[in-house]
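Chain by chain, the residues run as shown.
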Amino acid sequence: MAADSKTSPKAQPRKLRLRDITEDKRVAQMLALGFSSGLPLLLVLGTFTLRLADSGIDIKTIGLFSYVALPYSLKFLWAPSIDRVDVPFLAKRLGRKRAWMVTTQIATALALVLMAFADPKDQLALLGVGAFLVAFCAATQDVVIDGWRIEAAGTDLQGIMAATSNLGYRFGLILAGAGALYVAAYGGWTLAYLSMAALMGIGLIAALLATPYDRPREAATGKRDLPTAVRRAVLEPLTDLHARMGNALFAVLALVALYRMPDFVSGVMANPLYIKLGYGKAEIATIVKLFGIWVGIAGGFAGGWSIARLGMFPTLVIGAFIAAASHLSLAWLALGEPEQWRLAIAVSIESLCGSFAGIALIAYMSSLTTPGFAATQYALFSSLYALPGKLVAGTSGFVVAAYGFPTFFAMTAAVGIPVVALCFAVGRIPQRTAPEAAEPEGAPATGAGNPTGPVGLASAEASPEISPKAARAQT
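Residues numbered from 1 in each chain as written. Predicted model: local features only at pLDDT ≥ 70, side-chain atom pairs only at ≥ 80, totals over all residues. Heavy atoms only, no water.

**Q** I'm lost on the overall build of the chain in this one. Help?
**A** Across its full length, the chain carries 24 helices and zero strands. Counting over 475 residues, the chain shows a buried share of 52%. Within the chain, contacts between residues at least 6 apart in sequence are counted, and of these 83% link residues at least 24 apart. (Helix = DSSP H or I, 4+ residues; strand = E, 2+ residues; numbered from the N terminus. Buried < 20%, exposed > 50% of the residue type's maximum accessible area, 1.4 Å probe, protein only. Contact = heavy atoms within 4.5 Å.)

**Q** Which parts of the structure should I look at to understand the side chain of Ser36?
**A** In this structure, Ser36 sits in helix H3 (residues 25–43). Not counting chain neighbours up to four residues away, the residues in contact with Ser36 comprise Gln105, Gln141, Met200 and Gly203.

**Q** I would appreciate a short explanation of the pattern of salt bridges in the present structure.
**A** For side chains bearing opposite charge, pairing can occur when the charged atoms are close. Inspection of every chain in the model, using the stated rule, returns four salt bridges. The closest approach of N and O atoms between Asp142 and Lys75, which form a salt bridge, is 4.0 Å. Separated by 67 residues along the polypeptide, Asp142 in helix H9 (residues 124–152) and Lys75 in the loop between helix H6 (71–74) and helix H7 (90–94) bring together distant segments of the chain. Taken individually, Asp142 and Lys75 each receive the classification buried, so the pair is uniform in this respect. Here Asp86 makes a salt bridge to Arg96, at a shortest N to O gap of 3.0 Å. Pair noted here: Asp86 is in the loop between H6 and H7 and Arg96 is in helix H8 (residues 96–117), with a separation of 10 residues, a long-range link. Classification of Asp86 as partly exposed rests on a relative accessible area of 34%. Judged by its relative accessible area of 10%, Arg96 is buried. (Salt bridge = Lys/Arg side-chain N within 4 Å of Asp/Glu carboxyl O.)

**Q** Explain the environment of Trp341 to me, please; I cannot follow it from the model alone.
**A** Positionally, Trp341 belongs in helix H18 (residues 340–367). Sequence-wise, Trp341 and Ile287 are 54 residues apart; in three dimensions their C-alpha atoms are separated by 9.4 Å.

**Q** Even after reading the chapter, I still don't get the nonpolar core, so can you show me in this structure?
**A** In terms of nonpolar packing, the biggest core is built from 71 residues, with Phe48, Leu112, Met269, Tyr274 and Leu333 touching the most fellow members. Ignoring any residue separated from it by four or fewer positions in sequence, one finds Leu333 in contact with Leu273, Tyr274, Leu277, Tyr279, Arg342, Leu343 and Ala346. Leu241, Leu316, Ala320 and Leu368 belong to the second largest nonpolar core, which has 29 residues in total. (Core = buried A, V, L, I, M, F, W, Y, C linked by side-chain atoms within 4.5 Å.)

**Q** Just checking my understanding: could you explain the packing of aromatic side chains for this structure?
**A** Within a pair of aromatic rings, the relevant descriptors are the distance that separates the centres and the angle that separates the planes. Summed over all chains, the structure comprises eight aromatic pairs. Here the aromatic rings of Trp189 and Tyr193 are separated by 6.4 Å at their centres, their planes lie at 50 degrees, and the arrangement is tilted. On the criterion of helical spacing, the pair formed by Trp189 and Tyr193 is a turn pair, its members being four residues apart in helix H11 (residues 189–209). This pair shows no difference in class: Trp189 is buried, exactly as Tyr193 is. In this structure an aromatic cluster arises from ring pairing among Phe405, Phe408 and Phe409. For Arg51, the ring lying beneath its charged end belongs to Tyr193, and the centroid distance is 4.9 Å. The positively charged end of Arg342 is found above the aromatic ring belonging to Trp332, 4.1 Å away from the centroid. (Phe/Tyr/Trp six-rings, centres within 6.5 Å; stacked < 30°, edge-to-face > 60°. Lys NZ or Arg CZ within 6 Å of the ring centre and 35° of its normal.)

**Q** Is there a simple way to explain the environment of Arg244 in this structure?
**A** Tracing the chain through its elements places Arg244 in helix H12 (residues 226–245). Judged by its relative accessible area of 11%, Arg244 falls in the buried class. Each C-alpha atom, one on Arg244 and one on Thr370, is 9.7 Å from the other, the two residues being 126 residues apart in sequence.

**Q** Please explain a nonpolar patch on the surface as it appears in this structure.
**A** A cluster of nonpolar side chains, Leu126, Val129, Phe132, Leu133 and Phe136, forms an exposed patch at the surface whose accessible area comes to about 400 Å². On the secondary structure map, Val129 appears in helix H9. Residue classification places Val129 among the partly exposed positions, given a relative accessible area of 44%. (Patch = residues over 30% accessible without salt bridge, like charges linked within 9 Å, V, L, I, M, F, W, Y side chains within 5 Å. Areas by Shrake-Rupley, 256 points an atom, 1.4 Å probe, with all protein chains shown as cover.)

**Q** Any chance you could explain the confidence of the model for the chain here in plain terms?
**A** Low pLDDT marks regions whose predicted coordinates should not be analysed in detail. For the chain, per-residue confidence averages 80 on the pLDDT scale, and 78% of positions sit at 70 or higher. Of all helices and strands in the chain, the one with the weakest mean pLDDT is helix H24 (residues 468–471) (40), whereas helix H17 (residues 327–334) scores best (95). Within the model, pLDDT remains below 50 along residues 1–13, and this stretch shows 10 contacts once partners closer than five positions in the same chain are excluded. Across residues 431–475, where pLDDT falls below 50, the model places 89 contacts with residues more than four positions away in sequence or in other chains. (pLDDT = per-residue confidence, 0-100.)

**Q** Looking at this structure, I do not really get helix H21 (residues 405–414). What am I missing?
**A** In an α-helix, one turn spans 3.6 residues; hence positions three or four apart end up facing the same way. Within H21, burial applies to Phe405, Phe408, Phe409, Thr412 and Ala413. Looking straight down H21, one finds its buried side chains confined to an arc of 140 degrees; they lie on one side. Contact partners of the buried residues in H21: helix H5 (59–64), helix H14 (261–277), helix H16 (312–325), H17, helix H20 (396–403) and helix H22 (416–426). (Arc of directions from axis to C-beta.)

Below, the structure written as structure tokens:
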């Protein structure tokens, strides 16, 4: 089969080149749409909690406000309706997906305007409503953009489209993080959020110029058996997992749910810590939102290198340990004076280790999937790894209020102990079960799904069916 795969005429994914952005309008459009996708995220997470802390909002309330971002983890609930429901008036003129893109981008911009004029001290509830609307509309936009990306390009171009989307997404994160803080430092939070609302116009223009790609609907005469559809879409992928792993599946799901929980819980309290220590918005923008992002990118490359050289299982264990232990650097930061070098060290350690662990988890979740069920199974894992941590994160403010920042970050680091134990217990399950899942005759040896050889960096180029949104880890 290896020999056949080498001589197969099937097109292989290409790597992103700079000239691809200028030669293929789909790639340039994907860059702008990726930017539009990444921009709102921090405006309801990191930048939003920093704004609340800067306005003197109680630490318990800040923790509870992390729940406004739950639509990002629950978007699978309404995602199927995107391909079945048309936006009135716009769908006939723009096509179904472009109509949804334009609608969600305008709605996100309007919700950001609402957040801009809502004063946290006097209109906290209104600000929370605006943040929830931003998260809901932006999460829906992500669903549409991913669908457009998949249908706009063939298999050979999916790697380029995913890489371009990731690049634009990073630009969006930088502007929503460092850019918004710089504007807030010199012009106030209202101007900062109005600027972000205006920048949503970049994605809006790209959506209007994009070529419509809409998959035809099912024939109206076709029989729609809801129980059968549910069984094929949900039960069969789960049954396949249980058949391959047995009761160990429950331990695997626990590992996925707990692996990044320390990062999700501690991330809500990081920005309030910086404000409490006395760091200014410009300092946080430079060290945390600019320098920290590039260190995180380096951590992602380190994770990919480790997977290629050491293998998936050692990388999984190392990532679990260092990601949790890195929170001790924030505990150390909380015990000292607000010096820039201390902030740079703490942020570097936390960003590097967190990104390393994120790549390890993505590779592990990818190795658990089976060809034919990969999309549904990976969606299950990607929702599971984020949702528990975000649910627990809402209580983080109460822990900080009761025990203080140093103890809180030490507690999040301690979560890594059972995670490492679970890694040793079930971390090798993909390798043990892979030979049992025989691939169809004539399938390429490099096919996506349950790998039988060393697992490489889990990117959308390597596994086109995996959403690039999940591959970004968390920033």
